[in-house]
Amino acid sequence: MDIVAFIRFTFNSRFIARWIYGGLIMYIPVANFFSLGYLAKTARILLIGSIGLPTWEDKTIIWTNGIKLLFVFILYEAVPFFLFSTGFFLTTLGSIPAFFGNIVIKFSYLALLIFSFFIPFAFSVFSEKMEFRDALEFERIFNGIKEVFVPYLGGYLCTLIALYICKVIIKIPYLIGFILSSLCTYYVFLIATYYFIHLFKK
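Residues numbered from 1 in each chain as written. Predicted model: local features only at pLDDT ≥ 70, side-chain atom pairs only at ≥ 80, totals over all residues. Heavy atoms only, no water.

**Quick look at the packing of helix 7 (residues 119-129) against helix 8 (residues 138-147)**
Argument step 1. Viewed as axis vectors pointing N to C, helix 7 and helix 8 meet at an angle of 120°, and their least axial separation amounts to 9 Å. With respect to helix 8, the axis of helix 7 lies oblique. Seen along the crossing, helix 7 lies across helix 8 with a hand that is right-handed. Facing Phe121, Ala122, Val125 and Glu128 of helix 7, the residues of helix 8 in contact are Arg140, Ile141, Gly144 and Ile145.
Argument step 2. The residue inventory of the contact of helix 7 with helix 8, partitioned by class, reads 5 nonpolar, 1 polar and 2 charged. (Axes fitted to C-alpha atoms, helices over the stretch in contact; angles between N-to-C directions. Helix = DSSP H or I, 4+ residues; strand = E, 2+ residues; numbered from the N terminus. Parallel < 35°, antiparallel > 145°, perpendicular 65-115°, else oblique. Left-handed = near helix turned anticlockwise from the far one by under 90°. Contact = heavy atoms within 4.5 Å. Nonpolar A, V, L, I, M, F, W, Y, C, P; charged D, E, K, R; others polar.)

Written out as structure tokens, the structure is:
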């Protein structure tokens, strides 16, 4: 199934509610562990060759895997977060430290893009066994990206653009923007999951 067919598939009346549930709680702290766990469950069934979206059975396992996946994200974003925090702290110490602090903050944005680049395949490796330590197999992840670098880079850039659009949508007044942005963000993650899992399997 190509990605266009998968998009059509996700809007099938039998499956659309499954990802909408995750999308509605994507921006809600703690509850969004279910959203992340469902993405991991989806990745898992895609890895073994199944077609379709999984059910929401075994909610405790889904929630637990969501926490594990969150830690994977935190691990890969630890350096950018440290740089940003350090830069922000320097900006509070006076004009000279603030100058260097602003430079560090700019570097933190660059670091965010670089470290985030590896997350899709780290997520793919994690989803094989739902083991946190598997996401630390940096050599395997790096070698996997090298083999499909061009489509990987293209998918990564498209995902960033789509997420930026989701960020803009949240500016729509009242709760409409919040709900639409939450749904769109989750759907972007779902499509990205499908795309990168299939790249990973190559």
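**Structural notes on the layout of surface pockets**
Argument step 1. Volume-wise, the largest pocket comes out at about 950 Å³.
Argument step 2. Forming the boundary of the largest pocket are 28 residues, of which Ser116, Ile119, Leu160, Leu163 and Phe189 lie nearest the centre.
Argument step 3. At the level of elements, helix 3 (32-47), helix 4 (59-76), helix 6 (95-116), helix 7, helix 9 (149-169) and helix 10 (174-201) are the ones that each hand at least two residues to the lining of the largest pocket.
Argument step 4. If you tally residues by element for the lining of the largest pocket, the top one is helix 9, at 6 residues.
Argument step 5. The residue inventory of the lining of the largest pocket, partitioned by class, reads 21 nonpolar, 5 polar and 2 charged.
Argument step 6. Considering the residues around the second largest pocket, the lining is formed by Ile3, Gly154, Gly155, Cys158, Thr159, Ala162, Val188, Ile191, Ala192, Tyr195 and Phe196.
Argument step 7. Of all elements in the fold, only helix 9 and helix 10 reach the threshold of two or more residues within the lining of the second largest pocket.
Argument step 8. Partitioning the lining of the second largest pocket into residue classes produces 8 nonpolar, 3 polar and no charged. (1 Å grid on protein atoms, 1.4 Å probe; cavity = no way out; pocket = protein on both sides within 12 Å on 5 of 7 lines; lining within 4 Å. Points joined across faces, edges and corners; volume = space filled by probe spheres on them.)

**Notes on the packing of helix 7 against helix 10**
Argument step 1. Taken N-terminus to C-terminus, the directions of helix 7 and helix 10 make an angle of 75°; their axes are 9 Å apart at the nearest point. Between helix 7 and helix 10, the crossing angle belongs to the class labelled roughly perpendicular. Residues Pro120, Phe121, Phe123, Ser124, Val125 and Glu128 of helix 7 form the contact with helix 10, whose own contacting residues are Thr193, Phe196, Ile197, Leu199 and Phe200.
Argument step 2. In the contact of helix 7 with helix 10, the residues fall into 8 nonpolar, 2 polar and 1 charged.

**Focus on the pattern of salt bridges**
Argument step 1. The final tally for this structure, using the stated rule, is 3 salt bridges.
Argument step 2. Arg140 serves as the salt-bridge partner of Glu128, at 2.9 Å between the closest nitrogen and oxygen. Of this pair, Glu128 sits in helix 7 while Arg140 is found in helix 8, placing the two residues 12 residues apart along the sequence.
Argument step 3. Glu128 sits in the partly exposed class, given a relative accessible area of 24%.
Argument step 4. According to the relative accessible area criterion, Arg140 is partly exposed, its value standing at 38%.
Argument step 5. By sharing partners, the salt bridges in this structure join Glu128, Glu137 and Arg140 into a single network. (Salt bridge = Lys/Arg side-chain N within 4 Å of Asp/Glu carboxyl O. Buried < 20%, exposed > 50% of the residue type's maximum accessible area, 1.4 Å probe, protein only.)

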